[in-house]
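Okay, here's what each chain looks like letter by letter:
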Amino acid sequence: MPESILLDINAPIATITLNRPERRNAFNLPMWQALREAVQKASGTQGVRAIVITGAGDKAFAAGADIKEFKTERSNVLQAQRYARILQTALDAIQAAPQPVIAQIRGYCVGGGCELANSCDVRIAAEDARIGITPAKLGLILGFQEVRELVALMGAGKAKELLFTGRLMDAQEALRAGWLNHVVPVDELESFTREFIESFIHNAPITIEAAKRAVNACLPGPDGRIVAKQIESFVRGLAGRDYQEGIASFGEKRKPVFTGE
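Residues numbered from 1 in each chain as written. Predicted model: local features only at pLDDT ≥ 70, side-chain atom pairs only at ≥ 80, totals over all residues. Heavy atoms only, no water.

K.L.:
Looking at this structure, how should I read the sheet that holds strand 10 (residues 182–184)?
P.N.:
The mixed open sheet is built from six strands, whose spatial order is 1-2-3-5-7-10. The open sheet has two edge strands, strand 1 (5–10) and strand 10, and neither has a second partner. This sheet shows a mean twist of 20° between the axes of neighbouring strands, independent of strand direction. Across four bridges, the pairing between strand 5 (residues 101–105) and strand 7 (residues 122–126) is parallel. Bridging across to strand 7, Ile105 finds its partner in Ala125. Contacting strand 1, strand 2 (13–18) and strand 3 (50–55), helix 1 (residues 29–43) crosses the sheet at an angle of about 10° to strand 1. (Pairing = 2+ DSSP bridges. Helix = DSSP H or I, 4+ residues; strand = E, 2+ residues; numbered from the N terminus. Axes fitted to C-alpha atoms, helices over the stretch in contact; angles between N-to-C directions. Contact = heavy atoms within 4.5 Å.)

Right, here's the structure in full:
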């Protein structure tokens, strides 16, 4: 497992730390692979009743994908599809874990970081958290499952607003929207998370596992036609000029000029 993903198992709690603070814990491909392995190892360890995912440092939970990697890992359709599959297996591992998985969020939680937190069962944030999904600023197409989870948490209207604008919510707005479960002062984040875990950790694991599975099953399943259309848009977007402009403008630290091509 790379040093960018740290796993600390101290039953009954396992803690997974996204450990690239110098890059605001931005995800590269090996991190998504290692995250899946860490979640599976933690969830398969006897005595673990809760899994916490957090970010190293005080700036970010995870500031999205590492854009610098896009030229080598997401420069064409095949690479992008492979990247998406690896990302999705990590998110699937979180949802398949029998234990509650808690996102402990401080600072920026953007793009892939927000998608990761979406997949967790509970989201607890410090007051300095900033949350958003920003594909519209890069010319990217978000996958169906990620959109579905966002809608399930905050409703269609709020999800559309965030996806259209690409803006960031502060912690209180995210709490009002229903995306966050709790917001606490920065210096109380870790202690509150532990207290929250204590509220359920002695309950019956079989009941908690069944409840998690049942709630997840209540989310609407994918419509094949909609998924196919989303994949078509994803492929078209990667071949378009807007995607190239989005990546270029990010690297050049300027506003993108999109043309719809």
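K.L.:
It is not clear to me how a negative patch on the surface should be interpreted in this structure. Could you clarify?
P.N.:
Judged by side-chain charge, Glu127, Asp187, Glu188, Glu195 and Glu198 come together as a negatively charged surface patch. Of note, Glu198 is situated in helix 8 (residues 189–198). (Patch = residues over 30% accessible without salt bridge, like charges linked within 9 Å, V, L, I, M, F, W, Y side chains within 5 Å. Areas by Shrake-Rupley, 256 points an atom, 1.4 Å probe, with all protein chains shown as cover. Salt bridge = Lys/Arg side-chain N within 4 Å of Asp/Glu carboxyl O. Lys, Arg positive; Asp, Glu negative; His and termini not counted. Charge placed at Lys NZ, Arg CZ, Asp CG, Glu CD.)

K.L.:
How should I be thinking about the environment of Gly132 in this particular structure?
P.N.:
Considering the arrangement of structural elements, one finds Gly132 in strand 8 (residues 130–132). For the pair Gly132 and Cys218, spaced 86 residues apart in the sequence, the C-alpha separation amounts to 24 Å. Those residues in contact with Gly132, other than ones at most four positions away along the chain, are Cys109, Val110, Gly111, Cys114, Arg167 and Leu168.

K.L.:
Would you take a moment to explain the state of the cysteines for this structure?
P.N.:
Working definition: the covalent bond between the sulfur atoms of two cysteines is a disulfide. Within this structure, the stated rule accounts for zero disulfides. No disulfide involves Cys120; its nearest neighbouring cysteine sulfur is the one of Cys109, lying 8.9 Å away. A residue is classified by how much of its surface remains accessible, and Cys120, at 4% relative accessible area, is buried. Of all cysteine sulfurs in the structure, the one in Cys120 sits closest to Cys218, which takes part in no disulfide; the separation is 19 Å. (Disulfide = S-S within 2.5 Å. Buried < 20%, exposed > 50% of the residue type's maximum accessible area, 1.4 Å probe, protein only.)

K.L.:
Teacher, can you tell me more about the pairing of strand 2 here?
P.N.:
Along any regular strand the residues' side chains alternate between the sheet's two faces. Among the six residues that make up strand 2, six are buried, leaving the element largely enclosed by the rest of the structure. The antiparallel pairing of strand 1 with strand 2 creates a hairpin that spans two residues between the two strands. Where strand 2 and strand 3 come together, six bridges link them in parallel fashion. By the bridge assignment for strand 3, Ala14 is matched with Ile51. Note on the crossover from strand 2 through helix 1 to strand 3: the handedness is right-handed. (Right-handed = clockwise from strand over helix to strand, strands pointing away.)

K.L.:
Please explain the packing of helix 3 (residues 77–96) against helix 4 (residues 112–119) as it appears in this structure.
P.N.:
Pairs of packed helices are described in terms of their axes, by the angle between the two and the distance that separates them. With their axes 9 Å apart at the nearest point, helix 3 and helix 4 run at an angle of 30° to one another. Classified by the interaxial angle, the pair formed by helix 3 and helix 4 is roughly parallel. Here Leu87, Leu91, Ile94 and Gln95 of helix 3 lie close against helix 4, whose contacting residues are Glu115, Leu116 and Ser119. Looking at the contact of helix 3 with helix 4, its residues break down into four nonpolar, two polar and one charged. (Parallel < 35°, antiparallel > 145°, perpendicular 65-115°, else oblique. Nonpolar A, V, L, I, M, F, W, Y, C, P; charged D, E, K, R; others polar.)

K.L.:
Got a minute to help me understand the pattern of salt bridges in this structure?
P.N.:
Applying the stated criterion across every chain, the model contains nine salt bridges. For Asp128, the salt bridge identified is with Arg106, shortest N-O distance 2.9 Å. Taken together, the residues span a long stretch of sequence, with Asp128 in the loop between strand 7 and strand 8 and Arg106 in the loop between strand 5 and strand 6 (108–110) at a distance of 22 residues. Asp128 sits in the partly exposed class, given a relative accessible area of 25%. Each of Lys158, Glu161, Arg167 and Glu173 takes part in a single network of salt bridges with overlapping partners.

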